Amino acid sequence: MSEPAAAPSLPRACDVAVVGAGPAGSAAAWQLARRGLDVVLVDQHVFPRDKVCGDGLIPDALAALARMGVLDEVMGQAQRAAFVRCTGPRGRHVDVPGRLAVLPRRQLDAILVRAAERAGARPWMPARFEAPLVDADERVVGVRLRAGGAVHDLASRWVVLATGALPQALIASGLCERRTPSGIALRGYVRSEAMVGRITGLEIFWHPRLAGGYGWIFPAPDACFNIGAGLTGTHAVERGDGGFRMQDVNLKRLFEAFCEVYAPARELMARGTLQGEGKGEWKGAPLRCSLSGARWSRPGMLAVGEAAGSTYAFTGEGIGKALETGLLAGEAIVLQATDEAVRARYEAALHALRPRFRLYEQAAHVNHRPWLTDLVIWRARRSPRILRRMSGVLEETQNPGRLLSWRGLTKLMFE
């Protein structure tokens, strides 16, 4: 990737300013630039850069990567996997087959930025978003950035906001409806030659000590493993006034509990070496789920990716839907002639996705009742049909509510 330009060559105007160069922003920039629009892709970091994530690529992400023409490049660097291993509190597990891969976001996001640049987008990094520029009618007409210690105004016909789960950019843009995240997670990379070949699938573990979430181990390239733990529904703690507040969570203790109750995690930590600066590092991050917590648009601006809440509440998977929202935003801007039509097309596309997100949100109750995973695993080990349905949830050809709603769980007992 080319180095960022010097400050005097900062662009003054473009057709679309995309703020945030993660999967959603890069997908939007790629979609817009390949259709001939002048796109400036802004991020506060110089790429490649680290990003807290589970790094798992499930079928919806692979399909979006194929659409962007980068799937072969991604799979050439990724660690492939053939199943998700779901393990319940009693230690019983079932392997759910699927086409899967793991690639650290440092590598994945750099590939996506390069794809946007090849399509014609102009990256400007590092530059920090401060606020939208608005006209007398309160339409967004550009962005105010801080680059090299100086403030710079970039005029644009449209702004695509792809700034992730942190609320500051949403607040500055007038789109934030809830400051607290939907979930939080902690992850690290552990290198262990001894565990290569022993952990070959994407492992997910539920237990009462992790109630409200789960732990995971995903095999990454070069004998590394992405290991972590997280909670969903962290924003939904009732206050005395009828509102909600952020759940008080100690992620480090949650992870320690994961290692205490799940032998593969305990062994990986004992036999491996934590990667990162100094003696290694853990990183935490918020999640925004279920297409909630923010408005999706305002005149002149569309929110995509986690800024729009593109992560699934049950699984915490967000890469695929982040890519999808970016592509949808790009299509709306390219294909529609008026502000109203662009916003209507984009919001209609997200509304069409929302029922699926609601099903995953309903399924997330299992994270708070880990014993239910034992029931599902017990039945799936005895029923190829149920196992196929679980694989269909990965492929998004099956409704997770059919398995994980109370009605679905009741039916499991009699199938």
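Residues numbered from 1 in each chain as written. Predicted model: local features only at pLDDT ≥ 70, side-chain atom pairs only at ≥ 80, totals over all residues. Heavy atoms only, no water.

Explain the overall build of the chain here, please?
Across its full length, the chain holds 14 helices and 19 strands. Taking 2.2 N^0.38 as the reference for a compact globule, 415 residues should give roughly 22 Å; the C-alpha atoms of the chain span a radius of gyration of 21 Å, in line with that estimate. Reported as C-alpha extents along the three principal axes, the dimensions of the chain are approximately 60 × 45 × 45 Å. When each of the 415 residues of the chain is scored for burial, the buried share is 56%. Expressed as a percentage of contacts within the chain between residues at least 6 apart in sequence, the contacts between residues at least 24 apart total 69%. A total accessible area of about 17200 Å² is found for the chain, and carbon and sulfur atoms account for 50% of it. If the 54 positive side-chain charges of the chain are averaged to one point and the 41 negative ones to another, these points end up 6 Å apart. (Helix = DSSP H or I, 4+ residues; strand = E, 2+ residues; numbered from the N terminus. Rg over C-alpha atoms; globule rule 2.2 N^0.38 Å. Buried < 20%, exposed > 50% of the residue type's maximum accessible area, 1.4 Å probe, protein only. Contact = heavy atoms within 4.5 Å. Areas by Shrake-Rupley, 256 points an atom, 1.4 Å probe, with all protein chains shown as cover. Lys, Arg positive; Asp, Glu negative; His and termini not counted. Charge placed at Lys NZ, Arg CZ, Asp CG, Glu CD.)

Could you clarify how one ought to interpret the state of the cysteines in this entry?
A covalent bond bridging the sulfur atoms of two cysteines is what the word disulfide describes. A full pass over the atoms with the stated rule returns zero disulfides. C259 carries a free sulfur, and the closest cysteine sulfur to it, the one in C224, is 16 Å from it. By relative accessible area, C259 is classed as buried at 11%. (Disulfide = S-S within 2.5 Å.)

Looking at this structure, how should I read the side chain of N226?
Within the secondary structure, N226 is located in strand β13 (residues 224–232). Exposure remark for N226: the relative accessible area of 0% places this residue in the buried category.

How should the packing of aromatic side chains be read in this particular structure?
Taken as a whole, this structure holds 11 aromatic pairs when the rule is applied. Clustering of aromatic rings is evident, with ring pairs tying together F205, F255, F258, Y262 and W282. The ring of W158 has R139 sitting right over it, with the charged end atom 5.2 Å from the ring centre. A cation sits over an aromatic face here: R379 above W378, 5.8 Å from the ring centre. (Phe/Tyr/Trp six-rings, centres within 6.5 Å; stacked < 30°, edge-to-face > 60°. Lys NZ or Arg CZ within 6 Å of the ring centre and 35° of its normal.)

Which parts of the structure should I look at to understand helix α2 (residues 59–67)?
Among all positions of α2, only P59, D60, A61, L62, A64 and L65 are buried. Once α2 finishes, G69 follows within two positions and takes phi at roughly 80°, a positive value.

Sorry, what's going on with the pattern of salt bridges here?
Here the idea is simple: oppositely charged side chains can pair when their charged atoms come close. Applying the stated criterion across every chain yields a total of 21 salt bridges. A salt bridge links D50 to R187, with the shortest nitrogen-to-oxygen separation between them at 2.9 Å. Of the two residues, D50 is situated in the loop between β2 (39–42) and β3 (56–57) and R187 in strand β10 (residues 183–191); the sequence distance between them amounts to 137 residues. Assessed through its relative accessible area of 28%, D50 is described here as partly exposed. Residue classification places R187 among the buried positions, given a relative accessible area of 2%. Here the residues in one salt-bridge network are D60, K321, E324, R356 and E396, joined through shared partners. (Salt bridge = Lys/Arg side-chain N within 4 Å of Asp/Glu carboxyl O.)

So what exactly am I meant to see when it comes to unusual backbone geometry here?
Trans peptide bonds make up the majority, and among non-glycine residues the majority have a negative phi. Following F47, the chain continues into P48 via a peptide bond in cis, with omega recorded as 5°. As for its position among the elements, P48 is in the loop between β2 and β3. Cis rather than trans, the peptide bond between M125 and P126 has omega equal to 0°. Note that P126 resides in the loop between β6 (122–124) and β7 (128–134). Unusually for a residue other than glycine, A223 sits at a positive phi of about 60°. Here A223 shows up in the loop between β12 (213–219) and β13. Its identity as a non-glycine residue notwithstanding, S290 has a phi of 65°, on the positive side. Here S290 lies in the loop between β17 (283–287) and β18 (297–298).

Please clarify how the side chain of D374 should be interpreted in this entry.
Tracing the sequence through the fold places D374 in helix α11 (residues 371–380). No salt bridge is formed by the buried D374, whose closest oppositely charged neighbour, R90, lies at an N-O distance of 4.2 Å. Beyond its immediate stretch of four places on either side in the chain, D374 contacts G88, P89, R90 and R92.

Honestly, the environment of A341 in this entry has me stumped. Any pointers?
Positionally, A341 belongs in helix α9 (residues 339–363). A residue is classified by how much of its surface remains accessible, and A341, at 22% relative accessible area, is partly exposed. Between the alpha carbons of A341 and G56 there is a distance of 35 Å; along the sequence they are 285 residues apart.

What exactly am I supposed to notice about the confidence of the model for the chain here?
In low-pLDDT segments, the atomic positions of the prediction should not be examined closely. Chain-level pLDDT for the chain is 91 on average; 90% of the residues reach the 70-or-more range. Below pLDDT 50 for its whole length, residues 1–8 participates in 13 contacts with residues either more than four positions away or in separate chains. (pLDDT = per-residue confidence, 0-100.)

Please clarify how the nonpolar core should be interpreted in this entry.
Soluble globular proteins: nonpolar side chains tend toward being buried together. The biggest cluster of nonpolar side chains holds 115 residues, and the ones touching the most others in it are L57, L65, I333 and Y346. Beyond its immediate chain neighbours, meaning those up to four positions away, L65 contacts L57, V70, L71, V74, L108, L112 and L323. Within the second largest apolar cluster, 22 residues are counted, among which are I184, I217, F258 and C259. (Core = buried A, V, L, I, M, F, W, Y, C linked by side-chain atoms within 4.5 Å.)

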